[in-house]
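# A structural walkthrough
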Amino acid sequence: TVHPCSYILRIIRWTTTVRTTTTRNRTMIGRCTTTTTAWLLLLLCVAVSADSTSHSSFFWEALGQPQDTTTGSTTGSATVRKFSASNDPAVLNVHVVPHTHDDVGWRKTVDQYYHGRNTSIDERGFVGRILSTTLAALLQNDARTFTYVESKFLHTWWTTTASVEQRAALRGLIHNDDDDPPQFSLVNGGWSMHDEAAPHYVGMIDQTSTGHDFLRRALNVTPIIGWQLDPFGHSATHADFCHRWGMDALYFGRIDYQDLELRRQEQRCEGLWRPDPNPYSGDQDHDDSSQNEDDEDDDTNNSSNNNNRGSFEFVQKAQDLLQSSPSLFERPTVIRYQAGQSLAPHYDANRSAEKEDLNRGGQTVATLIVYLNDVPNTAGGATRFGLLSSSSPPGSNHANDDDDDDDDRLTVQPQRGDALLFFPASADGEFDTRLEHEGCPAMEEKWIARIWRHTDRVNPPFGLSLKALRQFQ
């Protein structure tokens, strides 16, 4: 398993014995040919030296003294060594993954980054050199590997810089004749590494399709690894896209520090992400892409289908309860809380909904939660409204009552089949400050299903598809 590079420094500092390896059980410690490789090697050396001075001689030897060994080979002033992964629990196997991270425009234009121009703004950035120098280094020693991410710069190098011989050499590094993984791996493959919050999902699809189309035509390769090291947050939409694009794994480097700390403590930095697209999104996992959305014979439209029946009944009951069209609903969401997990105090409504939530129906005016399992009172897991009192009449506001008894706050204990309905905003969208709530820590597993009702129609992928909505007419 390859850990995202941004995690390496903190992880290594906790160990006393380190072995280095890559996914091919090999690593390169040597002269750096790109700024990305230099950053990785510096990170690794600093991290190891923080543990024990006994390792410093090893790294100086590897970096500066050309020599022949039985476990590696020497090229110029760099020694390349191979290490086998250890099963010893006292040994941390560190995977060093030299890779690109080149913003397709940031502080400088795309061309300025590629050609290394306009250093008055930023001295970094001569992306055009990365492929040429890395290609030469990989050809010198087959123990070296490199991972490339952004197709835009690869396209520029391929069409403006690379010679016929360099193109052929790159194809050879990608398509090995032996059973080893390629020396030159392509991951993500989009025109850029898109953000997952700000872009519209159509833009995410278009830019990824553009990059993949170039890679398929020029190099006959389609990336099977998702690589999102820089976006500030990650969405189920992108995870669902990775699945549909045929990717086997998704690596990312930014995560909420509390979430990351908990995962480290519980050794859950790896996991299986199930974005679980709702059947009413109009985009099923099974192959019905050749059918028209208006095809009423599609069995996904049948409410008696066992896979869809629960979701159908949930939406139907919400429609009856709220006396609202399902076109105003977000897709039903099922949420699982593992033992010990909680949800911090928050609001479901948004003070800036008129600007920020236009693409998902505007303001959230109703929240419907159905508890899917019993959680005993002694096991926590309640939904708690910190600004509402269980003994005060409706309309009371306890936002400033610091002396109130904390035990008097309104709480709802999960019982299977019970529903909780509350209104985070008024019917005309006015934010209600009293409706702050939280999911208290549960000592046992807790499952809930949730529907949000908005002021305006919620279009797919957040809302139900036209095909699904016809069932509720």
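Just above sits the structure.
Structure report, in brief. Each residue is numbered by its place in its chain's sequence as written, counting from 1. Confidence filtering applies because this is a predicted model: local features only for residues at pLDDT of at least 70, side-chain atom pairs given and counted only at 80 or more, and all residues used for totals across whole chains, interfaces and linings. Note that water and hydrogens are dropped before the side-chain values are worked out from all heavy atoms of the structure.

## Some points on the overall build of the protein chain
The condition is simple: Only DSSP runs of H or I with at least four residues qualify as helices, and only runs of E with at least two residues qualify as strands; both kinds are numbered from the N terminus onward. Here the term buried applies to any residue with accessible area under 20% of the maximum for its type, exposed to any over 50%, and partly exposed to those in between, with areas from a 1.4 Å probe on protein chains only. Computed by Shrake-Rupley with a 1.4 Å probe, the accessible areas treat only the displayed protein chains as cover when residues are assessed.
Within the protein chain, the secondary structure is distributed over 13 helices and 17 strands. Within the span of the protein chain, comprising 473 residues, buried residues form 43% of the whole. Of the roughly 25300 Å² of accessible surface on the protein chain, a fraction of 47% belongs to carbon and sulfur atoms.

## What to know about the sheet that holds strand S12 (residues 364-371)
Filter applied, for reference: Think of it this way: DSSP has to see at least two bridges between two strands before they count as a pair. Fitted lines through C-alpha atoms serve as axes, helices being fitted only where they are in contact, and the angles separating the N-to-C directions of these axes extend from 0 to 180 degrees. Only heavy atoms enter the contact rule, under which two residues are in contact if any of them lie within 4.5 Å.
Spatial strand order, S10-S17-S12-S15: four strands in an open sheet with antiparallel pairing. Because the sheet does not close on itself, it has two edges, and the strands there are strand S10 (333-337) and strand S15 (419-422). When the angles between neighbouring strand axes are averaged without regard to direction, this sheet yields 25 degrees. Where S10 and strand S17 (residues 446-454) come together, five bridges link them in antiparallel fashion. Each bridged residue has a counterpart across the sheet, and for Ile335 the counterpart in S17 is Ile448. Of the strands in this sheet, S12, S15 and S17 are in contact with helix H11 (residues 309-322), which crosses S17 at around 50 degrees.

## So, the pattern of salt bridges
A side chain with one charge may pair with a side chain of the opposite charge, provided their charged atoms come close. In plain terms, the rule: Put simply, a salt bridge is a Lys or Arg side-chain nitrogen that is within 4 Å of an Asp or Glu carboxyl oxygen.
Scanning the model with the defined rule gives 10 salt bridges in all. Here Glu330 makes a salt bridge to Arg360, at a shortest N to O gap of 3.1 Å. Remark: Arg360 occurs in the loop between helix H12 (353-356) and S12 and Glu330 occurs in the loop between H11 and S10; sequence separation between them is 30 residues. The exposure class of Glu330 is buried, given its relative accessible area of 8%. When the shortest N-O distance is used, the salt bridge between Arg434 and Asp432 registers 2.8 Å. The class for Arg434 is partly exposed, based on a relative accessible area of 23%. Take Asp432: its relative accessible area is 15%, and that puts it in the buried class. Overlapping salt bridges, with partners in common, bring together Asp213, Arg216 and Arg217 in one network.

## A few points about the packing of helix H5 (residues 128-140) against helix H6 (residues 151-160)
Selection rule: Angles below 35 degrees are treated as roughly parallel, those above 145 as roughly antiparallel, those between 65 and 115 as roughly perpendicular, and all remaining angles as oblique. Under the convention adopted here, Pro, Cys and the residues Ala, Val, Leu, Ile, Met, Phe, Trp and Tyr are nonpolar, Asp, Glu, Lys and Arg are charged, and Gly plus all remaining residues are polar.
In the contact formed by H5 and H6, the axes pass within 9 Å of each other and the chain directions differ by 70 degrees. The angle between H5 and H6 places the two elements in the roughly perpendicular class. Across from Gly128, Leu131, Ser132 and Leu135 in H5, the residues of H6 making contact are Phe153, Leu154 and Trp157. Classifying every residue of the contact of H5 with H6 gives five nonpolar, two polar and no charged.

## Details of H6
Burial analysis of H6 places seven of its 10 residues in the buried class, the great majority of the element. Of the residues making up H6, those classed as buried are Ser151, Lys152, Phe153, Leu154, Thr156, Trp157 and Trp158. Buried positions along H6 lie against helix H4 (110-115), H5, strand S6 (146-148), helix H7 (164-174), strand S7 (184-186) and helix H8 (201-219).

## Some thoughts on the environment of Ser390
In this structure, Ser390 sits in the loop between strand S13 (383-389) and strand S14 (409-412). Along the primary structure Ser390 and Asp408 are separated by 18 residues, whereas in three dimensions their C-alpha atoms are 5.8 Å apart. In contact with Ser390, other than residues within four places in its own chain, are Asp408, Arg409 and Leu410.

## Thoughts on unusual backbone geometry
Outside of glycine, negative phi angles account for most residues, and trans bonds account for most peptide bonds. The omega torsion of the bond from Pro460 to Pro461 falls at 10 degrees, within 30 degrees of zero and hence cis. Mapping Pro461 onto the fold places it in the loop between S17 and helix H13 (466-469). Phi angles above zero are rare outside glycine, and Gln323 is one such case at about 50 degrees. A relative accessible area of 69% places Gln323 in the exposed class.

## Structural notes on H7
Owing to its 3.6 residues per turn, the α-helix brings residues three or four apart onto one side. Quick note on the threshold: This arc is built from the directions going out from the helix axis to the C-beta atoms.
Where H7 is concerned, the buried positions are Ala169, Leu170, Leu173 and Ile174. Viewed end-on, H7 has its buried residues packed into an arc of 135 degrees, placing them on one side of the element. Turned more than 90 degrees from where H7 packs its buried face, Val164 and Glu165 sit exposed. Of the surrounding elements, those touching the buried residues of H7 are H5, H6, S7 and H8.

## Let's talk about the side chain of Thr156
In this fold, Thr156 is placed in helix H6. The buried category is assigned to Thr156, whose relative accessible area is 13%. The residues contacting Thr156, other than those within four sequence positions of it, are Tyr114 and Thr161.

## Side note on the sheet that holds S13
Spatially, the four strands line up as an open sheet ordered S11-S16-S13-S14, and their pairing is antiparallel. Strands with a single pairing partner mark the edges of an open sheet, and in this sheet they are strand S11 (343-346) and S14. Neighbouring strand axes in the sheet, compared pairwise and without regard to direction, differ in orientation by 20 degrees on average. Pairing of S13 with strand S16 (residues 437-439) involves two bridges; the strand directions are antiparallel. When the bridges of S16 are listed, Arg384 appears paired with Glu438.

## Some thoughts on the packing of aromatic side chains
Applicable threshold: Two aromatic rings, drawn from Phe, Tyr or Trp (for Trp, its six-membered ring), form a pair once their centres lie within 6.5 Å of each other, and the interplanar angle then sorts them: stacked below 30 degrees, edge-to-face above 60, tilted otherwise. We count a charge as sitting over a ring when the NZ of a lysine or the CZ of an arginine lies within 6 Å of the ring centre and within 35 degrees of the ring normal.
In total, this model carries nine aromatic pairs according to the counting rule given. Both rings, one in Tyr148 and one in Phe184, keep their centres 5.9 Å apart while their planes meet at 20 degrees; by these two values the pair is stacked. Residue Tyr148 is located in strand S6, and its partner Phe184 is located in strand S7; the two are separated by 36 residues in the primary sequence. For the pair Tyr148 and Phe184, a shared accessibility class is recorded, and that class is buried. Feature note: the residues Phe146, Tyr148 and Phe184 constitute an aromatic cluster, connected by ring pairs. Across the ring face of Tyr347, the terminal group of Arg351 is positioned such that the distance to the ring centre comes to 5.7 Å.

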